[in-house]
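# A closer look at the structure
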Amino acid sequence: MNSAISQDYPAIEYTIWPADLHGHRFQVKLRIESPDPAGQVIQMSSWIPGSYLIRDFSKHIETIAAFSVNQPKQKLELERLNNDQWRLPRIKGPVEVLATIYAFDSSVRAAYLDTERALINATSLCLSVLGQEATPCALVLVPPKAADAEFWSVQTTLQPAKIDLKGFGFYLAENYADLIDHPIAMGQFQFVEWKSQGVTHCMAIQGCIHPIQSKRLAEDLGAICSSTIALFEPHSKKAPFHRYLFLVNAVVNGYGGLEHHNSTALICRRDQIPQAEVALDEKAYQEFLGLCSHEYFHAWLVKRIQPKAFQPYHLDRRNHTRLLWLFEGFTSYYDDLQLFRSKRIDLKTYLGIVADNWNAILRSPGRYKQSLADSSFDAWTKYYQADENTPNSVVSYYGKGALLALGLDLQIRSFTKGRKSLDDLMRLIWQEHGLTGHGIEEDGLDTLIYQLFGSGFQKIWSQFKTEYIFGTSDLPLEKWLNSRLIKVSSKSLAKLEMVKLAFGIRYTDDKGWLKLTHVLDGGVAQAAGLAPGDLIASINGQRVTGSRWDKVLTSLTMNEDCVVCFYRQDLEHERMVNLNIHQTPKQYQLSVV
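Residues numbered from 1 in each chain as written. Predicted model: local features only at pLDDT ≥ 70, side-chain atom pairs only at ≥ 80, totals over all residues. Heavy atoms only, no water.

Okay, the overall build of the chain next. Along the backbone of the chain there are 16 helices and 29 strands. In summary, the chain has a C-alpha radius of gyration of 26 Å against a globular reference of 25 Å for 593 residues, a match within 12%. Taking the principal axes of its C-alpha atoms as reference, the chain extends roughly 85 × 65 × 55 Å. Residue burial in the chain is summarised as follows: out of 593 residues, 55% are buried. Taking as baseline every contact in the chain between residues at least 6 positions apart, the subset at least 24 positions apart corresponds to 67%. Across the chain, 62 positive and 64 negative side-chain charges occur, with their mean positions spaced 3 Å apart. (Helix = DSSP H or I, 4+ residues; strand = E, 2+ residues; numbered from the N terminus. Rg over C-alpha atoms; globule rule 2.2 N^0.38 Å. Buried < 20%, exposed > 50% of the residue type's maximum accessible area, 1.4 Å probe, protein only. Contact = heavy atoms within 4.5 Å. Lys, Arg positive; Asp, Glu negative; His and termini not counted. Charge placed at Lys NZ, Arg CZ, Asp CG, Glu CD.)

Now for the sheet that holds strand E17 (residues 190-196). The strand order across the open sheet built from 5 strands is E17-E18-E19-E21-E20, with neighbouring strands paired in mixed fashion. For this open sheet the edge positions go to E17 and strand E20 (256-259), each flanked by a neighbour on one side alone. Each adjacent strand pair in this sheet contributes to an overall mean axis angle of 15°, direction not counted. In this structure, E20 lies alongside strand E21 (residues 263-269), joined through 4 bridges in antiparallel fashion. Paired with Glu-259 across the strands is Thr-264, a residue of E21. Those strands touched by helix H3 (residues 214-232) are E17, strand E18 (199-206) and strand E19 (243-251), and its axis lies near 40° from that of E17. (Pairing = 2+ DSSP bridges. Axes fitted to C-alpha atoms, helices over the stretch in contact; angles between N-to-C directions.)

Moving on to the pairing of E17. Strand direction decides the pairing type here: E17 and E18, joined by 7 bridges, are antiparallel. In the sheet register, Ser-196 faces E18, and the bridge partner there is Val-199. Taking the residues between adjacent antiparallel strands as the criterion, E17 and E18 are bridged by 2 residues, where Gln-197 takes a positive phi near 50°.

Turning our eyes to something else, we now look at the side chain of Ser-538. Looking at where Ser-538 falls in the secondary structure, it is placed in strand E25 (residues 535-539). When residues no more than four places from it in sequence are discounted, the contact partners of Ser-538 are Arg-543, Val-544, Val-563, Val-564 and Cys-565.

For helix H11 (residues 445-453), the full list of buried residues reads Leu-445, Asp-446, Leu-448, Ile-449 and Phe-453. For H11, the secondary structure elements touched by its buried residues are helix H5 (324-341), helix H9 (399-415), helix H10 (422-434) and helix H12 (458-469). Gly-454 sits one or two residues past H11 and shows a positive phi near 85°.

On inspection of all chains with the given rule, the structure shows 22 salt bridges. In this structure, Asp-521 engages Lys-369 in a salt bridge whose closest nitrogen and oxygen atoms are separated by 2.5 Å. Remark: Lys-369 occurs in the loop between helix H6 (347-362) and helix H7 (372-377) and Asp-521 occurs in the loop between strand E24 (513-519) and helix H15 (524-527); sequence separation between them is 152 residues. A salt bridge links Asp-409 to Arg-413; the shortest N-O distance between them is 2.9 Å. Placement of the pair is Asp-409 and Arg-413 together in helix H9, with a separation of 4 residues, close to one helical turn. For Asp-409, a relative accessible area of 2% puts it in the buried group. Judged by its relative accessible area of 35%, Arg-413 falls in the partly exposed class. (Salt bridge = Lys/Arg side-chain N within 4 Å of Asp/Glu carboxyl O.)

Take the sheet that holds strand E7 (residues 85-87) next. Ordered in space as E6-E7-E3-E11, the 4 strands form an open sheet in which the pairing is antiparallel. If you trace the sheet from one side to the other, it starts and ends with strand E6 (79-82) and strand E11 (128-129), each paired once. As paired elements, strand E3 (residues 41-43) and E7 share 3 bridges and run antiparallel to each other. Bridging across to E7, Ile-42 finds its partner in Trp-86.

Relative to each other, H3 and H5 sit at 110°, their axes nearing to 9 Å. In terms of orientation, H3 lies roughly perpendicular with respect to H5. Relative to H5, H3 is oriented so that their crossing is right-handed. Within the contact between the two elements, H3 uses Ile-224, Ser-227, Thr-228 and Leu-231 and H5 uses Tyr-334, Gln-338, Leu-339 and Arg-341. (Parallel < 35°, antiparallel > 145°, perpendicular 65-115°, else oblique. Left-handed = near helix turned anticlockwise from the far one by under 90°.)

Our focus in this paragraph is the packing of aromatic side chains. All told, the structure shown has 39 aromatic pairs when counted by the stated rule. The interplanar angle of 35° and the centroid separation of 5.8 Å between the aromatic rings of Phe-189 and Phe-191 together place this pair among those described as tilted. Take Phe-189: its relative accessible area is 14%, and that puts it in the buried class. Centre to centre, the rings of Trp-513 and Tyr-567 are 5.7 Å apart; their planes meet at 80°, and the pair counts as edge-to-face. One end of the pair, Trp-513, is in strand E24; the other, Tyr-567, is in strand E27 (residues 561-568), and 54 residues separate them in sequence. The class of Tyr-567 is partly exposed, set by a relative accessible area of 27%. Through successive ring pairs, a cluster of aromatic residues spans Trp-194, Phe-232, Phe-241, Tyr-244, Phe-246, Tyr-296, Phe-297, Trp-300, Tyr-333, Tyr-334 and Trp-430. The ring of Phe-377 is capped by Arg-322, whose NZ or CZ atom sits 4.4 Å from the centre of that ring. Lying across the ring of Trp-513, Arg-543 places its NZ or CZ 4.8 Å from the centre. (Phe/Tyr/Trp six-rings, centres within 6.5 Å; stacked < 30°, edge-to-face > 60°. Lys NZ or Arg CZ within 6 Å of the ring centre and 35° of its normal.)

Shown next as structure tokens:
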């Protein structure tokens, strides 16, 4: 047992009961052995690391009360300091705080409880003890009493101390930061197990109706994980953990993941997972493997290699950094590259994925207005709080960050005549910042890049920073990618695709009406005066609905006028616009020579 958590009775202990499966409520007891005699302050986290948005988890607390352990019937007064802070009275001896917390967030970021399953992220349920965040703590998981949960078990990478065969019981954490870095899933699971570079890996899946194809999953995931370990440690092939756990919730419609130190919580569609007697969409399955690859890569880049601004995390406020293009963008570059390197996809498929991301960024007007550095810094208020104008004002540090990584990789290979690549930079970052735990300063890459590639690379890197990180220039990938192996050409667009690009809208079907959600800068729709929330009624006299949209657009003639009729606030409007082909953004395709 780690010496940091070897004491007989941790000074801080959390007990979690799945108390009300039908009402989606946990009960959580916090025991503080030595509260601050001047008045201990307790606080609920406002956000969860890896998802950069203030979520105010305290809003789900329904009831909260405090008691003296030495006088169990003595209820203590809790002074409310803020929406997420309470102060205990001055008292000697241990105290207990009991809270009832509503949990019905089906994402990977919070807490969830129903008759089928439970997901616990401690940031949503466990109050921190201010001033004692570094203190070792314990977590007790109590099994639900409901008959629905008779066959539930627990899956987590928290260090067990005394648990039963189903995983319920006593766990230990080095401190509060360690506690919140281990998601916990409860329910019934299907399992996939394998070893990558000698390390045990497990995937615990909930939500699949049919038996999963565990052999295929183990083979594919094993290859991806082995490739990633070898990327960072090509000689030792040593992973930075002894066990890794993928927690997967398969649903009708959902996609996403959240990284943790030795595990990840994922949500995906059921049809993305190979199951017996179920036809598998291979492209959808590749997307799932890409998600697994992305979150697994974060075990190095984000969980161990971190921006200095995240050391430590301040969970009561926004933690700004201009480096998310590195931490998320470079991860987005490698997640698909690792699929190719592990032979899960071929080169043609990989180039198609790269081209799709490239074209998506070129269709984003926001890339002209926001730099990658600003996109990273403003993630809290812009990227994670998207609205109807987001495509016109924001560039994705995931998507353009991946293109930046590709461009930098190509430039490194060209500069060194193929002797070095971005892999060498990632390994140096791992040695200098991952193994040491020293966070990367906002300009911390400069020293490492010059150390690795010499001062002659300074002009190239300076251009990258000025034009592509702090500026809004498009990366000239069409020039850098063209080679004896890869051909870059303009994408040949079908008429329907061209008309859609020219129109520049995003929409939803609202009770038979085509309702605009976004109107892109420079598009025909904006020139016509359309706005988000408008209902398109007809074009050139043809009734428009979600199901008829493609048919109506196909009937139009490029570079000719068309009449758009739409409703705004139940008032009819009519506009004439020219369907200008020159308004369509440039699109590319990549092929193997």
